[in-house]
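# Inside the fold
In case you want the letters, here they are:
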Amino acid sequence: MIKKKIAMVGAFAVGKTSLVQRFVRSIFSEKYQTTIGVKIDQKEVHINGEDVTLLLWDIHGEDDFMKVKPTYLIGSSGYFLVADGTRADTYDTALKLHEMASSVTKNAPFILLINKSDLQDTWEITENQIENLIQQDWQIIYTSAKEGTNVEDAFVQLTQSMLQNQ
Amino acid sequence: MNENKQHIESGKLSEAQLNELRTLITGLEQPALHRLQQLMTDPHEFAVEISELLPFSIRQLLEKGSVHIADLLPFFEEMIQESIEKNPQRLANLLFPIMGPAIRKAVSEDLKRLIESLNQGLESGLSPKHLKWRMQALFSKSSYLEIMLSHAYLFQVKHIFLIHRESALLLHHEKAEHVADIEADMVASMLSAIGDFVRDSFHSNERDGVETIKIGETNLWIEQGPHAIVAAVVAGNPPPDLRLDLKEAIEAVHYNHRPDLEKFEGETAVFAHTSKFLKPCLRKEKKDQRKKPPYFAMFLLLLVFTGIGYLIYQKAQKNIRINALTEAFKNEHGYLISQTEKQDGQLWFYGLKDELARQPQEIMTEHAFEADEAVFKLKPFVSLDSSIVIVRANKALTPPETVNLSYTKGVLIASGTCKAEWLDLLHNNFHKVWGVHSLNVDDLKIIDETLRDLSWIIEDIASYRFIFDVNELKMNDEQQKQFSNLTHAAALLDEYNRTNNKNYIIEVQSVTTRAGNTVANERVAMSRAKNFIGFLLEAGVPAELLTAKVIYNEDLAKKEEVRSVSFNVAEK
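Broken down by element type, chain A carries five helices and seven strands. What you see in chain A, going N to C, is helices and strands ordered as β-α-β-α-β-β-β-α-β-α-β-α. By residue count, 45% of the 166 residues in chain A fall in the buried class. Considering only contacts within chain A whose residues lie at least 6 apart along the sequence, 74% involve residues at least 24 apart.

Each helix and strand counted, chain B has 18 helices and 16 strands in total. Sequence separation of 24 or more characterises 62% of the internal contacts of chain B that already satisfy a separation of 6 or more.

Residue and element names in this part refer to chain B. Pairing analysis gives eight bridges linking strand S7 (residues 335–343) to strand S8 (residues 346–353), with the strands arranged antiparallel. Across the sheet, residue Glu341 finds its bridge partner in S8, namely Trp348. Counting the residues that bridge the hairpin from S7 to S8 gives two residues, and of these Asp344 lies at a positive phi of roughly 50 degrees.

Here helix H12 (residues 295–331) of chain B is 37 residues long and its end C-alpha atoms lie 51 Å apart, about the 54 Å a rise of 1.5 Å per residue gives. The element H12(B) is barely covered by neighbouring structure, given that only two of its 37 residues are classed as buried.

Each partner contributes to the interface: chain B provides 21 residues, whereas chain A provides 21 residues. Considering each element in turn, the side of chain B that touches chain A owes the most residues, 10 residues, to helix H9 (residues 184–201) of chain B. The residue inventory of the side of chain B that touches chain A, partitioned by class, reads nine nonpolar, four polar and eight charged.

It is worth spelling out the nonpolar core at this point. Counting 82 residues, the largest nonpolar core has Tyr79(A), Phe80(A), Leu81(A) and Ile163(B) as its most contacted members. Filtering out sequence-adjacent residues up to four positions away, Ile163(B) remains in contact with Ala168(B), Leu170(B), Leu171(B), Ala188(B), Leu191(B), Ser192(B), Ala228(B), Ile229(B) and Ala231(B). The next biggest cluster of nonpolar side chains, apart from the first, holds 26 residues, and it includes Val389(B), Leu412(B), Leu426(B) and Leu444(B).

Here the focus is the sheet that holds strand S11 (residues 411–418) of chain B. Residues and elements named next belong to chain B. Taken in spatial order, the three strands line up as S10-S11-S12 in an open sheet, and their pairing is mixed. The sheet is open, and its two borders are formed by strand S10 (403–408) and strand S12 (438–446), each paired with just one other strand. Geometrically, the sheet is characterised by an average inter-axis angle of 10 degrees between neighbouring strands, direction not taken into account. Inspection of the sheet shows S10 paired to S11 by six bridges, in the antiparallel sense. What sits directly across from Thr408, in S11, is Val411. Strand contacts of helix H14 (residues 386–397): S10 and S11, with the helix running at about 140 degrees to S10, the strand carrying the most contacts. Packing against the sheet, helix H15 (residues 420–429) makes contact with S11 and S12, and its axis sits at approximately 175 degrees to S12.

Now for the environment of Asp84(A). Residues and elements named next belong to chain A. Relative to the assigned elements, Asp84 resides in strand S5 (residues 78–84). The spacing of Asp84 and Trp123 is 39 residues in sequence and 8.2 Å in space, taken between C-alpha atoms. Once residues within four sequence positions are removed from consideration, Asp84 is found in contact with Val14, Gly15, Thr90, Asn115 and Lys116.

Attention shifts here to the confidence of the model for chain B. Averaged over chain B, the pLDDT score is 82; the fraction of residues at 70 or greater is 88%. This prediction of the complex comes with two scores: 0.46 for pTM and 0.87 for ipTM.

Turning next to the sheet that holds strand S9 (residues 374–380) of chain B. Note on sheets: strands pair through backbone hydrogen bonds, and any given pair is parallel or antiparallel. Residues and elements named next belong to chain B. Pairing is mixed across the open sheet formed by three strands, whose spatial order is S7-S8-S9. Edge strands, defined here as strands with exactly one partner in the open sheet, are S7 and S9. Pairs of neighbouring strands in the sheet enclose a mean axial angle of 15 degrees, with direction left out of account. Contacting S7 and S8, H12 runs over the sheet at an angle of about 155 degrees to S7.

Glancing now at the pairing of strand S3 (residues 212–215) of chain B. All names here are of chain B. The pairing of S3 with strand S4 (residues 218–224) spans four bridges and is antiparallel. Residue pairing across strands places Lys214 opposite Asn219, the latter belonging to S4. The turn linking S3 back onto S4 is made up of two residues, and Gly216 within it adopts a positive phi angle of 60 degrees.

What follows covers unusual backbone geometry. Residues and elements named next belong to chain A. Although it is not a glycine, Ala13 sits at a positive phi angle of roughly 60 degrees. On the secondary structure map, Ala13 appears in the loop between strand S1 (2–10) and helix H1 (16–21). Among the residues examined, Ala13 registers 13 C-beta atoms within 10 Å and is labelled partly exposed.

Turning next to the environment of Leu72(B). Residues and elements named next belong to chain B. If you trace the backbone, Leu72 turns up in helix H5 (residues 69–86). Overall, Leu72 belongs to the partly exposed group, with 13 C-beta atoms counted inside 10 Å. As a C-alpha pair, Leu72 and Ile58 span 14 residues in sequence and 9.9 Å in three-dimensional space.

Quick notes on the rules
- All residue numbers here refer to positions counted from 1 along the written sequence of the relevant chain.
- Whichever chain is written first is A, and whichever ligand is written first is 1; the rest continue in order.
- Where totals are concerned, whole chains, interfaces and linings use all residues; where local detail is concerned, this predicted model gives features only for residues with pLDDT of at least 70, and gives and counts side-chain atom pairs only at 80 or more.
- Strands are runs of DSSP state E lasting at least two residues, helices are runs of H or I lasting at least four, and both sets are numbered from the N terminus onward.
- Exposed residues have 12 or fewer other C-beta atoms within 10 Å of their own C-beta, buried residues have 20 or more, and partly exposed residues fall in between, where C-beta atoms are placed from the backbone.
- Residues are defined as contacting one another if the C-beta atoms placed from their backbone atoms lie within 7 Å.
- Being paired, for any two strands, means DSSP has found at least two bridges between them.
- For a helix, the expected span equals 1.5 Å multiplied by the residue count minus one.
- Side-chain classes follow a simple rule in which Ala, Val, Leu, Ile, Met, Phe, Trp, Tyr, Cys and Pro form the nonpolar group, Asp, Glu, Lys and Arg form the charged group, and the remainder, Gly included, forms the polar group.
- By definition, a nonpolar core groups buried Ala, Val, Leu, Ile, Met, Phe, Trp, Tyr and Cys residues that are joined through C-beta atoms within 7 Å.
- Note on method: axes are straight lines fitted to C-alpha atoms, helices fitted across the in-contact stretch only, with angles between N-to-C directions ranging 0 to 180 degrees.
- As a per-residue quantity, pLDDT reports the predictor's confidence and falls between 0 and 100.

Here is the structure:
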């Protein structure tokens, strides 16, 4: 059995929790996020004939009052950066968090999830911004927590990247 | 030769000549010289060469005393110091497996002393709980500490988690039997997250970790290792030595899986073998629940047994009483019991009863029976039991009190005294008594009426006593009256003698003592008796009826009896 720790970071209210709510097994309530700043969920994926248990550290969204604790990312084999397509500032936050996460995880694989793809018409994050990141070999997936779009796929892709990175 | 000459002439030596010259100077052959040169020019090879010699050289130096250990110490101290300053964690990791046992040993000793000290302190505790424990210790003959701990320790280790320190991933999980499954992976990660949170929040040292979390009756004990931690979920109050078990477990894991821990990439299968280190931590220690003797059940049982025993006793007693009563009626004279039975709680007697026998109630009372406890269906009959025959004889013959009747084998035996008239009655009527066939009166004497009169006279004469003064024999008025009565009684005795042809006489007894001259005393006393006889003769009492006698008073306290004259009637 392979186990991997995945961190999920992003700005406040970008939909990190909603994004994974339907796809993971959870025993802890969200109050942990507001108390100790993180809650742990579990996700099983089956890749290349192998079962992988993902321990998903759903870290409290960064805002003016609460910063993401780098400690929570230590030991992560990969991480999701989550941004809200309808809020441009979440893009900046994601970039900033990436710097920290990349350093703490020693350049572990990551995927940028731009959430609320169902509201793409109202997105503030521009295609240029996205294109800019793609050119830097960022892996970006549009997701919708509301419709469940690409969520499962995001887990599979990140897991594959982590396994390749071993 | 010519060539050498040329070199010499030119002032130059050939290579061969130089080698020959080197050999002559150093005494070494060319290969040896070449090796020396190599050592001089190649530091690596020189170091290898020296490394082989150095330990031997140091030993030689130490043995010779040229170098002391104290001389070498600074080098090692500096080395260790520099190593610690450069990377303390490395040395800590190296020492981790051996430091634990050493520290534990030291701590164990201190802990032992601490517990002893604690014990002494607690022994002086006077709280009700401590007093109760003290009483228990006293009565169970256990040490006070043992009792205290038996109350304190009640625990079960329910889960043991082996968690990778960096990734917070669960490496292995063991749980106690009959303990519900939990989401071990998530719990382990959250546990690490809480540890991280505490560390971050309170700016603790990076290597520090949460050691204990207590929520109600649940304790979380965590033991940190360099690469992994062991966490135990314990219900109740675990003993301190559980901490040692956890330490040993984490040390064993590190000792056996250090490379796996250092290069951990998420593959946990290899840590399945840590089960043997973790399982010993799944301890449980219950209170010594020595089952209390089931006092209540025992009491109830005792009560039941007592009740049953009492009923049996009562029943037995009742039977004994009934048997005793039945036996009593069977043995009772005048009764012939043919059948007994119990009806409605009563005892029914059937048989025969002589009317002269005792009443049934009398016998029942003797055996502590109430009258209503028995019913008697008895028909009359004539009993020939000896006692009944005697009763019957007494009733029929009405013997005087001086006669005793007994009965044996049809013979009525009369003994004692009776008048001749009653004897005639007896002879005439004994055969009318049922059961009496013959009569035995051998021991029955006829009362002599005249003898009865003599008894009166004898008693009367013996009742007189005359006391005189010294050397005087003179009666006062009172004595004169008595004397008159005495002479009358003497006359009756004389008449009785003559009537019945008897020879009763009156002994005139003069009392004296043995004090002083006994012969003289006796003479005086005899003289007094004779003189008194003279008075009686003068009063008309026949001389043959009188005789003088001296009696010695042996009791000195009765002084008044001395010089007295008394009387006794005797057969001549």
